[in-house]
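Survey of secondary and tertiary structure
These are the residues of each chain, in order.
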Amino acid sequence: MDLETIVGFISIQVASGFLKENGKEIYQKVKGVLTDDELISLNLLEAHPEKKELQDKVAGQLKAHLETNPAIAEELEALIAKLPGFESKQNVLSQTGDGNIAVQDVHGSKISIGR
């Protein structure tokens, strides 16, 4: 994984809040390499995740640190690889006729049926 991918992933996941819950070790390591001024940018990104310029700023700041310390980049890459995978499901249902009833496995979804 190259540095652009690592810092891009981290900045997006900081904005989404994912790393605070599922990647605490990554989050703490990132906070450990940033300066006090750079931590302000990180905190602003958490408060305003929709701001792309903050994502880019945090990614750039982190990239500068990882370029000078490739060992931390390797540690972050290994930690990213350990994150839980995302589950993807695709449900398809085709029915013809009137009065049919069907059930699908859609965990956590709200289903509204209009008659």
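Residues numbered from 1 in each chain as written. Predicted model: local features only at pLDDT ≥ 70, side-chain atom pairs only at ≥ 80, totals over all residues. Heavy atoms only, no water.

A look at the packing of helix H1 (residues 3-16) against helix H5 (residues 52-68)
- Two elements in contact, H1 and H5, have axes separated by 9 Å at closest approach and are oriented at 135°. Between H1 and H5, the angle is such that the two are oblique. Between H1 and H5 the crossing geometry is right-handed. Contacts between H1 and H5 involve Leu-3, Glu-4, Ile-6, Val-7, Ile-10, Ser-11, Ile-12 and Ala-15 from the first element and Gln-55, Ala-59, Leu-62, Lys-63, Leu-66 and Glu-67 from the second.
- Here the residues of the contact of H1 with H5 sort into nine nonpolar, two polar and three charged. (Axes fitted to C-alpha atoms, helices over the stretch in contact; angles between N-to-C directions. Helix = DSSP H or I, 4+ residues; strand = E, 2+ residues; numbered from the N terminus. Parallel < 35°, antiparallel > 145°, perpendicular 65-115°, else oblique. Left-handed = near helix turned anticlockwise from the far one by under 90°. Contact = heavy atoms within 4.5 Å. Nonpolar A, V, L, I, M, F, W, Y, C, P; charged D, E, K, R; others polar.)

A short note on the nonpolar core
- Judged by nonpolar contacts, the single largest core of 26 residues is most densely connected at Ile-10, Ile-26, Leu-66 and Leu-76.
- Broken down by secondary-structure element, the contributors of at least two residues to this core are H1, helix H2 (18-22), helix H3 (24-33), helix H4 (36-47), H5 and helix H6 (70-82).
- Other than its neighbours up to four places away in sequence, Leu-76 contacts Ile-6, Ile-10, Ile-26, Lys-29, Val-30 and Leu-66. (Core = buried A, V, L, I, M, F, W, Y, C linked by side-chain atoms within 4.5 Å. Buried < 20%, exposed > 50% of the residue type's maximum accessible area, 1.4 Å probe, protein only.)

So, H4
- In this model, H4 (twelve residues) spans 17 Å end to end at C-alpha, consistent with the 16 Å of a helix rising 1.5 Å per residue.
- When we look at burial in H4, the residues that qualify are Glu-38, Leu-39, Ser-41, Leu-42 and Leu-45. In a view along the axis of H4, the buried residues occupy a sector of 155°, so they form one face of it. Relative to its buried face, H4 has exposed residues pointing more than 90 degrees away, namely Asp-36, Asp-37 and Ala-47.
- Elements that come into contact with the buried residues of H4 comprise H1, H3 and H5. (Expected span 1.5 Å × (residues − 1). Arc of directions from axis to C-beta.)

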